[in-house]
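Here is how the chains run, residue by residue.
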Amino acid sequence: MTNTANIAKGLEGVLFTETKLTFINGAEGILTHLGIPIQEWAEKSSFEELSLALLDGELPTAEELARFDADLKANRAVPQQLLDVIAAMPRGIHPMQALRTAASYLGLLDPQAEDTSEEGRRAISIRLIAQFATIIAAINRAQEGQDIIAPRMDLTHAGNFLYMLTGKEPTGEQARLFDIALVLHADHGMNASTFTAIATASTLSDMYSCMTSAIGALKGPLHGGANEAVMDMLDEVGTPEQAEAYITKKLDNKEKIMGVGHRVYKYFDPRSRVLRDYAEHVANKEGKSNYYQILETIEKIVVDRMGAKGIYPNVDFYSGTVYSDLGIKKEYFTPIFALARVSGWCASVIEYTRDNRLLRPDALYTGKTDQHYVPLKDRA
Ligand SMILES: CC(=O)SCCNC(=O)CCNC(=O)[C@H](O)C(C)(C)COP(=O)(O)OP(=O)(O)OC[C@H]1O[C@@H](n2cnc3c(N)ncnc32)[C@H](O)[C@@H]1OP(=O)(O)O
Ligand SMILES: O=C([O-])CC(=O)C(=O)O
């Protein structure tokens, strides 16, 4: 018998598939990819290596990684036709809207776009991972009325992105810090955007359609858009001295605090710990930034007051202050999330479609029954 008690609102706790990519223990704040803790990926690996490991489901050999790295580099440039479209986009739009359109347009220019075989999806994934960086940087430049910068082949994925975004070659430390941020965001189980990508793929639709729908899902402030919303909050708070009164009032009024709370983590999101350490490191080096000090205060009060309820900082809490320290504008925080998550989207689509079944949940019908059509003229 179906009744409202059977509804898993928000699909909480519903298992719909198996995966060998990512494991999360939300109670203890544990995250692994291929069984390896996220802290080790962040410390020892690179975005390129994690992307390949996710696509293939195992740690690559040195030779495989070198080939993948070369493939990514060879695919960094995007067609001029797409750059023209990016340059012609209206000014003042949100870059996530621009990215969604650009990802879709990229599909129009790819002769292999409709190839939904596993080999086809993998080949397209390499182009998507490489080209999201070029596209996002180009959107930034075009929106600023600046020349679009061509990719360089002598820089890492992270370093090249920062170079194309700002026109300046980043220091080794900046490029590595950004690489770590990409590693931390690359995949995260059945989050809303990955689920959306999989739902699209489950109809046997193409990779570009999967990416376009995933970008749309990531954009919202309850998911990837929260990193920008955290920065809005920090700007609203203004100074560290005002943080306590601001956050206390919000919690008293039962308002949501951005960058905290999570469907799965009921303890610290381990990625937020890594990002906090880097944010603190940068803040200490350059004289504690206002942003970091405000976040420290907010974290303390949220954990004190909401910890018992399982509300702790998530990945979006500290990421923005790290990006901001790298000179990146807040509108680009969510596109940067997409720049990293494209790996997880692609890998998850490939994994799911290997043993595909159309995703089609159900809703409990609670509407009227036994009705008949009433002609317009007879309606009150
Ligand atoms: C990359 C990512 O996507 S990470 C998540 C990014 N999103 C954010 O940071 C936005 C802020 N956080 C939230 O809105 C939520 O915590 C979500 C959407 C992430 C998870 O939500 P859900 O699992 O649906 O939790 P739900 O909304 O049911 O909240 C459970 C309880 O905690 C409270 N709560 C949850 N998040 C917050 C928050 N950010 N601030 C204050 N209270 C919160 C809710 O009010 C609710 O309280 P109640 O039981 O008294 O009604
Ligand atoms: O898993 C989730 O629901 C959200 C999240 O943290 C992510 O996508 O990185």
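Residues numbered from 1 in each chain as written. Chains lettered and ligands numbered in written order. Predicted model: local features only at pLDDT ≥ 70, side-chain atom pairs only at ≥ 80, totals over all residues.

Labelled according to an unreviewed UniProt entry, the protein chain appears under the name Citrate synthase, originating from Deinococcus carri. In UniProt, the protein chain has this text filed under Sequence similarities (unreviewed entry): "Belongs to the citrate synthase family." Per UniProt, the comment on the protein chain under Catalytic activity (unreviewed entry) is "oxaloacetate + acetyl-CoA + H2O = citrate + CoA + H(+)". (UniProt positions renumbered as here; feature names shortened; annotations may be inferred.)

A. Focus on the confidence of the model for the protein chain. When pLDDT is averaged across the protein chain, the result is 96; 99% of the residues are at 70 or more. Across the whole predicted complex the pTM is 0.97, and at the interface the ipTM reaches 0.99. (pLDDT = per-residue confidence, 0-100.)

B. Representation of the site of ligand 1 in the model. Taken together, 19 residues sit near ligand 1, with H223, A226, G261, R263 and N314 positioned nearest. Its residues placed into classes, the shell around ligand 1 shows seven nonpolar, eight polar and four charged. (Near = placed C-beta within 6 Å. Nonpolar A, V, L, I, M, F, W, Y, C, P; charged D, E, K, R; others polar.)

C. A look at the packing of helix 12 (residues 240–252) against helix 14 (residues 290–306). Running from amino to carboxyl end, helix 12 crosses helix 14 at an angle of 35°, the nearest separation of the two axes being 9 Å. Seen from above, helix 12 lies across helix 14 with right-handed handedness. Packed against helix 12, whose contacting residues are P240, A243, E244, I247, T248 and L251, the element helix 14 presents N290, Q293, I294, T297, I298, I301, V302 and R305 at the interface. Residue composition of the contact of helix 12 with helix 14, grouped by class: eight nonpolar, four polar and two charged. (Axes fitted to C-alpha atoms, helices over the stretch in contact; angles between N-to-C directions. Helix = DSSP H or I, 4+ residues; strand = E, 2+ residues; numbered from the N terminus. Left-handed = near helix turned anticlockwise from the far one by under 90°. Contact = placed C-beta atoms within 7 Å.)

D. Up close: the site of ligand 2. Taken together, H188, G189, N191, H262, R263, V264, N314 and V315 make up all the residues around ligand 2. Its residues assigned to classes, the shell around ligand 2 comprises two nonpolar, five polar and one charged. Both domains that furnish three or more residues to the shell around ligand 2 are identified here as domain 1 (22–220 + 332–353) and domain 2 (226–325). (Domains from an automatic or database assignment.)

E. Region of interest: the nonpolar core. Formed by 107 residues in total, the largest nonpolar core has its most connected members in L99, M211, L339 and V349. With 13 residues, the single largest contributor to this core is helix 16 (residues 333–353). Domain assignment of the residues forming this core places at least three in each of domain 1 (22–220 + 332–353) and domain 2 (226–325). M211 has contacts with A103, L128, A197, V342 and W345, leaving out every residue within four places of it along the chain. (Core = buried A, V, L, I, M, F, W, Y, C linked by C-beta atoms within 7 Å. Buried ≥ 20, exposed ≤ 12 C-beta atoms within 10 Å, placed from the backbone.)

F. Just the packing of helix 13 (residues 270–285) against helix 15 (residues 316–325), in detail. Closest axis-to-axis distance for the helix 13/helix 15 pair is 8 Å, and the angle between their directions is 35°. In this structure, helix 13 crosses over helix 15, and the sense of that crossing is left-handed. Contacts from S272, L275, R276, Y278, A279 and V282 in helix 13 reach F317, Y318, S319, T321, V322 and D325 in helix 15.

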